[in-house]
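Chain and residue survey
Residues per chain, in single letters:
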Amino acid sequence: MPEGIFKIYYLSEVAVTVEFGQRIAPNLLNAVNSLNVLLYGQPFPGFNTTVPAYSTLTVFYDPVLVIKSGLPGADCFEKVSGYLNNLNLQKKTAKPATEDIVTIPVCYGGDFGPDLAEVAGLHQISIKEVIKLHSAVVYKVYMIGFVPGFAYLGGMDERLSTPRKVTPRKSVPAGAVGVAGLQTGVYPLETPGGWQIIGQTPVKLFDLNRKEPSLLKPGDTVIFKAIDIKEFNKLATG
Amino acid sequence: MSTIQDMGRYQYLSQAVPISGAMDRLSARIANKALSNGDNAAVIEFTYADAEFIAETDLLISYAGDGVILTSGEHQLPAGRPLFILSGAIIKLTNTPSGSRTYLAVAGGWDVPEILGSKSTYLAAGFGGLDGRALKRADILKSEQRLTESTKKILKSLRGDKVNYPGWSIAVQSFLPVDRKTIRVVRGNEFDWFDARSISVFLSTSYIVGRQSNRMGYHLEGAMIARTKKNELLSSAVMPGTIQVTGSGSMVLLMADCQTTGGYPRIVQVAAVDMPLCAQLKPGDSIFFKEISQREAEMLYIEREQELQQLTIAVQSKFL
């Protein structure tokens, strides 16, 4: 799909998806975020909520309100698509979405990172080198999905690309930091999981007591900072 | 299993918090409408429950759905009506073979805290409903007592010294197609990623609801679906009703607690008006799929909403 062109497709009676492309790229992430900000600034009658993903923005609405609205179109799909098409034309004038830089402290290895040695062994590098490679780069949040607060991060050093575990663990603790293929991420909740666990953060990725429960949002920059167990315990109790 | 649910949690989908809410939204709404509650009042969702309740006060309740019959002493309590129950009454639930989910509403709605804009229980993350969990023995639930004017009239008209209910009832069935085994579907965005023969088999043979089925989704057992387009799909939004085809060619129908995003190609989307039928399916049930157009699905949706709107007014007019 050429730059700037997008398509809109039907997801259900209550949602359409705007697709800006079919790859993972910063400019597509920006396109998704800009349209999202514009839409929240200028919602149409019946607008409900959105789900941003790598290269798509899905827009949820109430068909009963959309059909009654004065938007042009023979059905809700046409009405909402038309509105989103027009809105997208204003994208150049849109205020950029807020993008924060979030540092996530990680205690690598030991009981917190049961697979760290295996990952080092697979790549024939030292444990120290794995920690250095993982914490030396900056990551971009591309989307939140899978479970509440789980961020899909881009930017991992290719030298850490590691296959998933042959047998997934029945339970991975909240805060576990894993790698799988070219991806890295933090488990927000205790769930079953197949990623190689190299460390754990005391920071809550999803916390109902925060105004925005998810620590991360699309567009944010993430830095992993290596900490020792003493620091971990201090942060976990503080 | 019994959990508290409402019409779902939409405002945090972008943070990957699932929609949740009643699996059978139609029955849950009818249980509420019979009491002139708002549609979003919290209800109890029973999945094949053999539960028992003791009324600690006089109560105005109603239930709807498929799978359970309520009795109180020798009274079989009819579904789809406001039911006035005396303090001390023991209400028993008995399974019926026809469906799997039933909804119990109380005048004013069940009182649980709103979490992220909804009272629905989301078990996987342990929040919503009653302490983020399924109901268990000795739990005490009470009404929020937010009675609408119309609910107050119903209560006034039925209140007395014995079990009481009106002569009319709202039948969930009257909103649903007669053929409950054919599920209408609309083409998904990746519909043409699959080979034509697989598609024709999909739309003409039966599929069985697998044992591994829960509030997150149902495994559909039957003919495998072959792909012609083998592209990797970037994860994007999915929702209840989405049917995904996994790497092995088997299908999963996503339900109320499904993830917000998915990376498997989406062959079809179940028409929203037929999701209540899906919610009542049990492992082992067999179903067929029938394709309808996007426009038709939308029209059916709006018609259903109009009928439900009329129902609200009809109930109010019974107790003027």
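Computed from a predicted model, the values in this text were never measured in an experiment.

Rules used in this analysis
- Residues numbered from 1 in each chain as written.
- Chains lettered and ligands numbered in written order.
- Predicted model: local features only at pLDDT ≥ 70, side-chain atom pairs only at ≥ 80, totals over all residues.
- Heavy atoms only, no water.
- Helix = DSSP H or I, 4+ residues; strand = E, 2+ residues; numbered from the N terminus.
- Rg over C-alpha atoms; globule rule 2.2 N^0.38 Å.
- Buried < 20%, exposed > 50% of the residue type's maximum accessible area, 1.4 Å probe, protein only.
- Areas by Shrake-Rupley, 256 points an atom, 1.4 Å probe, with all protein chains shown as cover.
- Lys, Arg positive; Asp, Glu negative; His and termini not counted.
- Charge placed at Lys NZ, Arg CZ, Asp CG, Glu CD.
- Pairing = 2+ DSSP bridges.
- Axes fitted to C-alpha atoms, helices over the stretch in contact; angles between N-to-C directions.
- Contact = heavy atoms within 4.5 Å.
- Buried area = accessible area lost by both parts, 1.4 Å probe.
- Salt bridge = Lys/Arg side-chain N within 4 Å of Asp/Glu carboxyl O.
- Polar contact = N/O pair within 3.5 Å; in protein donor to acceptor, adjacent residues only side chain to side chain.
- 1 Å grid on protein atoms, 1.4 Å probe; cavity = no way out; pocket = protein on both sides within 12 Å on 5 of 7 lines; lining within 4 Å.
- Points joined across faces, edges and corners; volume = space filled by probe spheres on them.
- Nonpolar A, V, L, I, M, F, W, Y, C, P; charged D, E, K, R; others polar.
- Domains from an automatic or database assignment.
- Disulfide = S-S within 2.5 Å.

1. Brief notes about the overall build of chain B
A tally of regular secondary structure across chain B gives five helices and 18 strands. Here the C-alpha atoms of chain B give a radius of gyration of 20 Å, agreeing with the 20 Å that 2.2 N^0.38 yields for 320 residues. Seen through its principal axes, chain B has C-alpha atoms that stretch 70 × 35 × 30 Å. Scored against the burial criterion, the 320 residues of chain B give a buried share of 57%. For chain B, the exposed surface amounts to about 13,400 Å²; the carbon and sulfur share of it is 51%. Both charge centroids of chain B, one from 34 positive and one from 32 negative side chains, sit 1 Å from each other.

2. Considering the sheet that holds strand β9 (residues 101-106) of chain B
As a general point, the strands of a sheet are linked pairwise by backbone hydrogen bonds and lie either parallel or antiparallel. All names here are of chain B. If you trace the five strands from one edge of the open sheet to the other, you get β1-β2-β9-β4-β7, paired in antiparallel fashion. Single-partner strands in this sheet number two, and they are β1 (2-5) and β7 (83-85). The sheet shows a mean angle of 30° between the axes of neighbouring strands, direction not considered. Both strand β4 (residues 59-66) and β9 contribute to a ladder of six bridges, which runs antiparallel. Each bridged residue has a counterpart across the sheet, and for Ser-62 the counterpart in β9 is Ala-105.

3. Concerning the interface of chain A and chain B
At the interface, 45 residues of chain A touch 39 residues of chain B. A buried area of about 3,400 Å², summed over both sides, lies between chain A and chain B, and 62% of it is on carbon and sulfur atoms. Together, Tyr-10, Leu-11 and Glu-13 of chain A form the three largest contributors to the area buried by chain A at its contact with chain B, with a combined 19%. Taken together, the links from chain A to chain B amount to two salt bridges. Residues Arg-295 of chain B and Glu-78 of chain A are paired through a salt bridge, measuring 3.4 Å at the closest nitrogen-oxygen approach. Linking chain A with chain B are twelve residue pairs in polar contact (both at pLDDT 80 or more), by the criterion used here. Listing elements by their share of the side of chain A that touches chain B, those giving two or more residues are β1 (7-12), β2 (15-19), β3 (47-52), β4 (56-61), α2 (63-68), α3 (76-89) and β6 (138-144) of chain A.

4. Regarding the layout of surface pockets
A volume near 1,500 Å³ is recorded for the largest pocket. Going through the elements one at a time, β11 (191-193) of chain A together with β12 (217-221), β15 (251-254) and β16 (261-262) of chain B are the ones with two or more residues in the lining of the largest pocket. Residues of the lining of the largest pocket, tallied by class, amount to 25 nonpolar, 17 polar and four charged.

5. Side note on the domain arrangement of chain A
Frequently, the measure chosen for interface size is the accessible area that the parts lose on association. All names here are of chain A. Split into domains, chain A comes out as domain 1 (7-93) and domain 2 (101-237). The interface of domain 1 with domain 2 comprises eight residues on the first partner and eight residues on the second. Of the roughly 670 Å² buried between domain 1 and domain 2 on both sides combined, carbon and sulfur atoms contribute 71%. Where domain 1 packs against domain 2, one counts zero salt bridges. The interface formed by domain 1 and domain 2 holds one residue pair in polar contact (both at pLDDT 80 or more) in total. Top element by residues in the side of domain 1 that touches domain 2 is helix α1 (residues 26-41). It accounts for three residues. For the side of domain 1 that touches domain 2, the per-class residue count stands at seven nonpolar, one polar and no charged.

6. A few points about unusual backbone geometry
Positive phi outside glycine occurs at Gln-124 of chain A, with the angle close to 55°. Within the element layout of this structure, Gln-124 of chain A appears in the loop between α4 (116-123) and α5 (127-136). The phi dihedral of Leu-116 of chain B falls on the positive side, at around 50°, and the residue is not glycine. Within the secondary structure, Leu-116 of chain B sits in the loop between β9 and α2 (149-158).

7. Notes on the state of the cysteines
All names here are of chain B. Tallying each qualifying case throughout the model produces zero disulfides over all chains. Free cysteine Cys-278: the closest other cysteine sulfur is in Cys-258, separated by 13 Å. Overall, the relative accessible area of 0% leaves Cys-278 in the buried class.

8. Structural notes on the sheet that holds β4 of chain A
All names here are of chain A. Spatial ordering of the open sheet is given by β1-β2-β4-β3, a layout of four strands whose pairing is antiparallel. The two strands at the open ends of the sheet, each matched to only one other strand, are β1 and β3. For this sheet, the mean inter-axis angle between neighbouring strands, taken without regard to orientation, is 25°. Relative to β4, β2 is paired through five bridges, and the arrangement is antiparallel. Looking at β4, one finds that Ala-15 is bridged to Phe-60. In the packing of α1 onto the sheet, contacts are made with β2, β3 and β4, and the angle to β3 comes to roughly 165°.

9. Topic: the pairing of β2 of chain A
All names here are of chain A. The buried fraction of β2 is high, at five of five residues. Here β2 shows no split at all, with Ala-15, Thr-17 and Glu-19 on one side and Val-16 and Val-18 on the other all buried. What sits between the antiparallel neighbours β1 and β2 is a turn of two residues.

10. Focus on empty space enclosed by the protein
Counting across every chain of the model gives three cavities of 30 Å³ or more. Every residue along the wall of the largest cavity is listed here: Val-51 and Phe-60 of chain A together with Leu-13, Ile-19, Ala-237, Val-238, Met-239, Pro-240, Ala-256, Cys-258, Gln-259 and Thr-260 of chain B. Looking at the lining of the largest cavity residue by residue, the classes come out as ten nonpolar, two polar and no charged.

11. Regarding the domain arrangement of chain B
Residue and element names in this part refer to chain B. Along its sequence, chain B is carved into domain 1 (2-172) and domain 2 (182-302). Once you take the C-alpha centre of each, domain 1 and domain 2 turn out to be 29 Å apart. Across the domain 1/domain 2 interface, buried area totals approximately 1,400 Å², and carbon plus sulfur atoms make up 53% of it. Between the two partners, domain 1 and domain 2, sit one salt bridge.

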